[in-house]
Amino acid sequence: MPIVVVHYNPLFWVRLCALVFSCVAFAVTVHGADLSHGTGDWCVFCWAFSFAGTLLVLLVELFGLQTRAPVSWKNFPITFACYASLLCLSASIIFPLYFLKGQTSRSEAHNYRIVATVFSCLATISYICEVSISKARPGEVAGYMATAPGLLKVCETFVACVIFVFISDPVSYDSHDALRWCLAVFCICFILSAAIIVLCICECTGCLPFPFARFLSAYAVLAVVMYLSATIIWPIFKFDEKHGGTSRPYSCRRYEGLCDWDRLLAVAVLTAVNFVLYLADLIYSARLVFVTV
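This is a predicted model, so every value here is computed, not measured.

So, how was this worked out
- Residues numbered from 1 in each chain as written.
- Predicted model: local features only at pLDDT ≥ 70, side-chain atom pairs only at ≥ 80, totals over all residues.
- Heavy atoms only, no water.
- Helix = DSSP H or I, 4+ residues; strand = E, 2+ residues; numbered from the N terminus.
- Buried < 20%, exposed > 50% of the residue type's maximum accessible area, 1.4 Å probe, protein only.
- Expected span 1.5 Å × (residues − 1).
- pLDDT = per-residue confidence, 0-100.
- Salt bridge = Lys/Arg side-chain N within 4 Å of Asp/Glu carboxyl O.
- Contact = heavy atoms within 4.5 Å.
- Axes fitted to C-alpha atoms, helices over the stretch in contact; angles between N-to-C directions.
- Left-handed = near helix turned anticlockwise from the far one by under 90°.
- Core = buried A, V, L, I, M, F, W, Y, C linked by side-chain atoms within 4.5 Å.
- Domains from an automatic or database assignment.
- Phe/Tyr/Trp six-rings, centres within 6.5 Å; stacked < 30°, edge-to-face > 60°.
- Parallel < 35°, antiparallel > 145°, perpendicular 65-115°, else oblique.
- Nonpolar A, V, L, I, M, F, W, Y, C, P; charged D, E, K, R; others polar.

Peer 1: In this structure, what is going on with the overall build of the protein? I would like to understand it.
Peer 2: Scanning the protein from N- to C-terminus turns up eight helices and zero strands. When the elements of the protein are put in sequence order from the N terminus, they spell out α-α-α-α-α-α-α-α. Relative to its 293 residues, the protein shows a buried fraction of 45%.

Pasting the structure below:
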């Protein structure tokens, strides 16, 4: 019979705070925020998903079921915490942008939106603290996802998902073969990074027909080169008038949220961000000598 084990370490209390904050954020939003835009559903999903995952992690650890979990408990909790911090961070930015920006009325729904934004920020801080507490220290034996390269891969996949959202609505990669190459870069790197994360969480890295460490190093080099090309190509074919690009339309100033041109700019910025992340991943992977997967 499972025995409830109560933890008094900082990690437990940080997770408990994240659980409460994310719960309050989506509860007050659903209750009275009066959402009229599909973006609000995404924010609610971010908070509800983070709440559900944190509740699962807390229950597993309270009942001491880590050894019975079908995943590596050295890798799963910190991986989820990193994704949850990114999800809550995105909601903390998107929600006020669409539901508080330019609002002058002090209605009850407006107050609910302010509360949701505040608790979303608190949840983000809590998850960041959890990641900071859980990550591996130099000289410490830990799961791969608790190291800097592992956490960077979580960020890389998340940024790629945001890029996919921006380039698909509206479709902005089918006007030139160079832009299709950028799409291929985003897809290939996302799939490989996601596969690495899944292999580590499921503890299947030993099943590969080649050394996992060599694969990580080779992939890091490949990703840096591919993202460098996309970082250069995307702005040229989207913002340089000689190659069919355009400047920011005047109508974007009156647009609620992000207009189509702003989305193109966001893709350019996020591509550069992912290039930096993959470059850091390459540097850390070359120096990583204290991890067992």
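Next comes the rest of the description.
Peer 1: I tried to follow helix H5 (residues 148-168) on my own but got confused; where do I start?
Peer 2: Here H5 contains 21 residues, and its C-alpha end-to-end distance of 30 Å stays within 8% of the 30 Å for a straight helix at 1.5 Å per residue. Most of H5 is tucked away, with 15 of its 21 residues classed as buried.

Peer 1: Where do I start with the confidence of the model for the protein in this structure?
Peer 2: When pLDDT is low, close inspection of the predicted coordinates is not appropriate. Here the protein averages 86 in pLDDT, and 90% of its residues register 70 or above. Across the protein, the secondary-structure element scoring lowest on mean pLDDT is helix H8 (residues 260-287), at 90, and the one scoring highest is helix H6 (residues 177-201), at 94.

Peer 1: Sorry, what's going on with the pattern of salt bridges here?
Peer 2: For side chains of opposite charge, pairing can occur when their charged atoms come near one another. According to the stated counting rule, one finds four salt bridges in the structure shown. For Arg15, the salt bridge is made with Glu61, and the minimal N-O distance between the two is 2.7 Å. Here Glu61 lies in helix H2 (residues 38-62) and Arg15 lies in helix H1 (residues 10-32), a separation of 46 residues in the sequence. The two residues Arg15 and Glu61 agree in class, both being buried. The salt bridge partner of Lys153 is Asp281, with a shortest N-O separation of 2.7 Å. Placement of the pair is Lys153 in helix H5 and Asp281 in helix H8, with a sequence separation of 128 residues. Here Lys153 falls in the buried class, since its relative accessible area comes to 0%. Judged by its relative accessible area of 1%, Asp281 is buried. In the salt-bridge network here, residues are joined through shared partners; they are Arg15, Glu61 and Glu130.

Peer 1: How should I be thinking about H6 in this particular structure?
Peer 2: Since there are 3.6 residues in each turn of an α-helix, residues three or four apart along the chain are aligned in direction. Here H6 spans 36 Å end to end across 25 residues, near enough to the 36 Å set by a 1.5 Å rise per residue. Buried within H6 we find Ala178, Leu179, Cys182, Leu183, Val185, Phe186, Cys189, Ser193, Ile196, Ile197, Cys200 and Ile201. Of the surrounding secondary structure, the elements contacted by the buried residues of H6 are helix H3 (76-99), H5, helix H7 (212-239) and H8.

Peer 1: Help me understand the packing of H1 against H2, please; the structure alone is not making it clear to me.
Peer 2: Two measures define how a pair of helices packs: the angle their axes make with one another and the distance between the axes. Between H1 and H2, whose axes approach to 8 Å, the crossing angle comes to 145 degrees. Crossing geometry of H1 relative to H2 is assigned as left-handed. Mapping the contact onto sequence places Phe12, Arg15, Leu16, Leu19, Ser22, Cys23, Ala25, Phe26, Thr29 and Val30 in H1 and Val44, Trp47, Ala48, Ser50, Phe51, Thr54, Leu55, Val57, Leu58, Glu61 and Leu62 in H2.

Peer 1: Before we go on, may I ask you to explain the side chain of Thr29 in this structure?
Peer 2: Considering the arrangement of structural elements, one finds Thr29 in helix H1. Residue classification places Thr29 among the buried residues on the basis of a relative accessible area of 2%. Those residues in contact with Thr29 that lie beyond four places of it in its chain are Asp34, Leu35, Val44, Trp47, Phe95 and Ala116.

Peer 1: What is the right way to read the nonpolar core from this model?
Peer 2: Nonpolar side chains in soluble globular proteins tend to end up buried together. Membership of the largest hydrophobic core comes to 72 residues, with the highest contact counts inside it found for Trp47, Ile163, Phe186, Cys189, Tyr227 and Trp234. Those elements that provide at least two residues to this core are H1, H2, H3, helix H4 (108-134), H5, H6, H7 and H8. Take this core: its biggest share by element is 12 residues, from H3. Counting the residues that make up this core, at least three belong to each of domain 1 (1-139) and domain 2 (147-292). Not counting the four nearest positions on each side in its chain, Cys189 is found in contact with Tyr219, Ala223, Met226, Tyr227 and Tyr278.

Peer 1: I tried to follow the packing of aromatic side chains on my own but got confused; where do I start?
Peer 2: Two numbers describe a pair of aromatic rings. These are the distance of the centres and the angle of the planes. Taken as a whole, this structure holds 18 aromatic pairs when the rule is applied. Relative to Trp13, the ring of Phe12 has its centre 5.0 Å away and its plane inclined at 80 degrees; by these criteria the two rings are edge-to-face. Assessed through its relative accessible area of 12%, Phe12 is described here as buried. Between Trp42 and Phe45, the aromatic rings sit 5.6 Å apart at their centres with planes inclined by 35 degrees, giving tilted as the arrangement.

Peer 1: Honestly, the packing of H6 against H7 in this entry has me stumped. Any pointers?
Peer 2: Taken N-terminus to C-terminus, the directions of H6 and H7 make an angle of 150 degrees; their axes are 9 Å apart at the nearest point. Relative to H7, the element H6 lies roughly antiparallel. Where H6 crosses over H7, the two elements pack in a sense that is left-handed. Split into classes, the residues belonging to the contact of H6 with H7 amount to 22 nonpolar, two polar and one charged.

Peer 1: What should I look at first to understand the environment of Ala160 in this one?
Peer 2: One can find Ala160 in helix H5. The spatial distance from the C-alpha of Ala160 to the C-alpha of Ile191 is 9.8 Å, given a sequence separation of 31 residues. What Ala160 contacts, discounting residues up to four positions off in sequence, is Phe190, Tyr227 and Asn274.

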